[in-house]
Amino acid sequence: MANNKIPNRILLAEDQLPRYWYNLRADMPEQPDPMLNPGTGQPLQTQELYPVFCEELCRQEMDSQTRYVEIPEEIVEYYKTYRPSPVHRAYRLEELLDTPAQIYYKFEGNNTSGSHKLNSAIAQAYYAKKEGLRGLTTETGAGQWGTALAMACAYFQLPLTVYMVKGSFTQKPYRRSIIQTFGAKVVASPSDTTNAGRAILEKNPDTTGSLGCAISEAIEKAVTTEGYRYVLGSVLNQVLLHQSVIGLEAKAALEQYDIYPDIIVGCAGGGSNLGGLIAPFMQDKLTGKANPRIVAVEPASCPSLTRGKYTYDFCDLANVTPLAKMYTLGSAFIPGANHAGGLRYHGMSPILSKLYHDGYMEAVSYEQTNVFKAAELFSRAEGILPAPESSHAIRGAIDEAVKCKESGEAKVILFGLTGTGYFDMSAYEQYLSGTMSDTIPSDEELAAFVPKLG
Ligand SMILES: *Cc1c(COP(=O)(O)O)cnc(C)c1O
């Protein structure tokens, strides 16, 4: 019926913005294994995190009980400047694929930072400011997190130092300029400003850096600077909590039209957008209300879920962080050339790792040329230039829609379109000129980095 047609964009009103984040751990039948103090091997106590993170965020990190966490009014007000974000119906993509499937995507690229990362950056900057901190440090790989946090710190007037992976620092000068425009200081990592950085430079002066290395530097700077704390844009439980706003909005928008997804697809780097998107749907799954398939998509060059090991590992290269039980390739693993900078982390959110391990989720990996093929098709169909990270989810969703064509099933597919790719045009250029290559680590290469901590 034409007048019942689902709109191209399903929009929620400002006053429908969620007032609570949802804590997935409260409904998990088994909890993720606790973080361990690497010195003692004992489960970490909340106060042991206080030197690193601000106190409210430490509490959120460790709180597996509180199901709904009220979003402070100041954060809601900031969210209102770019949220609720739309759920798009991909009519044109469905037509081009000639699929009976309905494809929806939740678009998080509608803010200046260009990705979902702002959802957690605002929360983390807010709590730091409220606690009276004098500044924050963080790392950034591709630059999206650094940009998002710089925006949030500008809003709350909080100094910020960003350790930017050297490869990105040189390859993405405009990302760097945006971060600086918002008032943050950017340091190429490894740098000579920390012991961790100097040690790595001594061993390998020409290194282009890694996320794990930049994390080590940012933590060291935070714990050695009075009134400073460190913040991280993914992997942590608190980040998944903040990102649940994505899934809560998506579910509310679809419910307005009595739509419930059969398949939910998201890209997985550290797991925050996927954890956020699936949160209320996973709640239904865990409590027996519904049974959607949930698919994590990762790059073949950094396949933590599909080829990593479920074990305790460090979250950084210099091994200064607590140990987390997660799917990991090893904290010293540095992925080969891949343009999805946000998907180059060696580990995976402990919450998602546990859910995957217990069979509540699936995972697939794709080579980057195949991912860019999906990005090209999507951009032409939908008129949005996707980030390389997001394009992994597009690839996964398209493949599910193609399976529907083969089986004749009209499934409902929802995927997370996490951001836009305007700063990734050199990657697009490589793809378009046919010079992009794929790297897939061999079993031997992966075995060399597997953590032996048990
Ligand atoms: C950082 C980033 C990701 C991956 O991070 P997650 O924590 O796994 O969500 C995906 N897409 C974009 C656009 C990003 O910036």
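Below is a short write-up of the structure. (Residues numbered from 1 in each chain as written. Predicted model: local features only at pLDDT ≥ 70, side-chain atom pairs only at ≥ 80, totals over all residues. Heavy atoms only, no water.)

So, on to the overall build of the protein. When helices and strands are tallied, the protein shows 17 helices and 15 strands. A compact globule built from 454 residues would reach a C-alpha radius of gyration of about 22 Å, and the protein, at 21 Å, matches this within 12%. The principal-axis extents of the C-alpha atoms in the protein amount to approximately 65 × 50 × 45 Å. The buried share of the protein, taken over its 454 residues, is 62%. Looking at the protein alone, contacts between residues at least 24 apart form 75% of all its contacts between residues at least 6 apart. Entry remark: accessible area of the protein is about 17,400 Å², with carbon and sulfur atoms responsible for 49%. (Helix = DSSP H or I, 4+ residues; strand = E, 2+ residues; numbered from the N terminus. Rg over C-alpha atoms; globule rule 2.2 N^0.38 Å. Buried < 20%, exposed > 50% of the residue type's maximum accessible area, 1.4 Å probe, protein only. Contact = heavy atoms within 4.5 Å. Areas by Shrake-Rupley, 256 points an atom, 1.4 Å probe, with all protein chains shown as cover.)

Inspection of the region around the ligand gives 19 residues, with K117, S234, S272, N273 and T418 positioned closest. Within the side chain of K117, a nitrogen or oxygen atom sits 2.5 Å from an oxygen atom of the ligand. Here an oxygen atom of the ligand sits 2.7 Å away from a polar atom, N or O, in the side chain of S272. Isolated, the ligand exposes 380 Å² of accessible area, and the fraction of that covered by the protein chains is 98%. Mapping the ligand onto the cavity grids shows that it belongs to the largest cavity. When contributions to the shell around the ligand are tallied by element, the ones reaching two or more residues are α11 (272–286) and α15 (388–407). Taken together, the residues of the shell around the ligand sort by class into 4 nonpolar, 13 polar and 2 charged. (Near = heavy atom within 4 Å. Polar contact = N/O pair within 3.5 Å; in protein donor to acceptor, adjacent residues only side chain to side chain. 1 Å grid on protein atoms, 1.4 Å probe; cavity = no way out; pocket = protein on both sides within 12 Å on 5 of 7 lines; lining within 4 Å. Sits in = over half its atoms within 2 Å of the grid points. Nonpolar A, V, L, I, M, F, W, Y, C, P; charged D, E, K, R; others polar.)

With that settled, the discussion passes to the nonpolar core. Grouped together as the largest cluster of nonpolar side chains are 79 residues, with contacts concentrated most on W21, I75, Y79, Y104, I122, L355 and M361. Not counting the four nearest positions on each side in its chain, M361 is found in contact with L274, I278, M282, I294, A296, L352, L355 and Y356. Counting residues in each nonpolar core, the second largest holds 29 residues, with V265, I384, I394 and A401 among its members. (Core = buried A, V, L, I, M, F, W, Y, C linked by side-chain atoms within 4.5 Å.)

Let us now look at the side chain of E220. Mapping E220 onto the fold places it in helix α9 (residues 211–223). Here N195 takes part through its backbone nitrogen, which lies 2.6 Å from a polar atom of the side chain of E220. With residues near it in sequence (within four places) discarded, E220 still touches T194, N195 and A196.

What follows concerns the sheet that holds strand β5 (residues 102–107). In spatial order, the strands read β1-β4-β5-β15-β10-β11-β14; together these 7 strands make up an open sheet with mixed pairing. Of all the strands in the sheet, just β1 (9–10) and β14 (362–366) have a single pairing partner and so form its edges. Contacting β4 (87–89), β5, β14 and β15 (412–417), helix α14 (residues 368–382) runs over the sheet at an angle of about 95° to β14. Here α15 sits on the sheet in contact with β5, β10 (263–267), β11 (293–299), β14 and β15, set at roughly 170° to β15. (Pairing = 2+ DSSP bridges. Axes fitted to C-alpha atoms, helices over the stretch in contact; angles between N-to-C directions.)

With that settled, the discussion passes to the sheet that holds strand β6 (residues 135–140). Pairing between sheet strands relies on hydrogen bonds along the backbone, with the strands arranged either parallel or antiparallel. The parallel open sheet is built from 4 strands, whose spatial order is β8-β7-β6-β9. Taken across any chain shown, the strands that pair with only one partner, and hence form the sheet edges, are β8 (185–189) and β9 (228–230). Geometrically, the sheet is characterised by an average inter-axis angle of 25° between neighbouring strands, direction not taken into account. Looking at chain direction, strand β7 (residues 160–165) and β8 are connected through 5 bridges and run parallel. Counted as the bridge partner of V165 is S189 from β8.

Remark: helix α8 (residues 195–203) packs on α9, axes separated minimally by 7 Å, with the N-to-C direction vectors making an angle of 145°. Contact with α8, carried on its side by N195, A196, G197 and I200, involves C213, S216, E217 and E220 of α9 and no other residues of that element. Grouping the amino acids of the contact of α8 with α9 by side-chain chemistry returns 3 nonpolar, 3 polar and 2 charged.

Here the focus is empty space enclosed by the protein. Considering all chains together, one arrives at 4 cavities of 30 Å³ or more under this definition. Estimates place the volume of the largest cavity at around 380 Å³. As for the largest cavity, its lining consists of 33 residues, of which K117, W145, S234, G270 and G342 are closest to the centre. Broken down by secondary-structure element, the contributors of at least two residues to the lining of the largest cavity are β6, α5 (144–156), α9, α11 and α15. Residues that form the lining of the largest cavity fall into these classes: 10 nonpolar, 20 polar and 3 charged. (Points joined across faces, edges and corners; volume = space filled by probe spheres on them.)

Another point: the environment of Y91. Topologically, Y91 is positioned in helix α3 (residues 91–97). A C-alpha to C-alpha distance of 46 Å links Y91 and P322, two positions 231 residues apart in sequence. What Y91 contacts, discounting residues up to four positions off in sequence, is K5, I6, P7, N8 and E382.

Under the definition given, this model contains 17 aromatic pairs. With a centroid separation of 5.2 Å and 65° between ring planes, the pair formed by Y126 and Y127 is classed as edge-to-face. One exposure class covers both Y126 and Y127, and it is buried. Members of the aromatic cluster, connected to one another through ring pairs, are Y78, Y126, Y127, Y155 and F156. The positively charged end of K5 is found above the aromatic ring belonging to Y91, 4.5 Å away from the centroid. The ring centre of F169 lies 4.0 Å from the NZ or CZ of R176, which sits over that ring. (Phe/Tyr/Trp six-rings, centres within 6.5 Å; stacked < 30°, edge-to-face > 60°. Lys NZ or Arg CZ within 6 Å of the ring centre and 35° of its normal.)

Now for the layout of surface pockets. Approximately 690 Å³ is the volume found for the largest pocket. Around the largest pocket, the lining is made up of 34 residues, and of these G167, S168, Q171, N338 and R344 lie nearest the centre. Elements that contribute at least two residues to the lining of the largest pocket include exactly α6 (166–171), α7 (173–181), α9 and α16 (425–432). Ranked by residue count, the leading element in the lining of the largest pocket is α6, at 4 residues.

Its 20 residues give α15 an end-to-end C-alpha distance of 29 Å, which sits within 8% of 28 Å, the value for a rise of 1.5 Å per residue. With 14 of its 20 residues buried, α15 lies for the most part within the structure. Residue G408 follows α15 closely and has a positive phi angle near 75°. (Expected span 1.5 Å × (residues − 1).)

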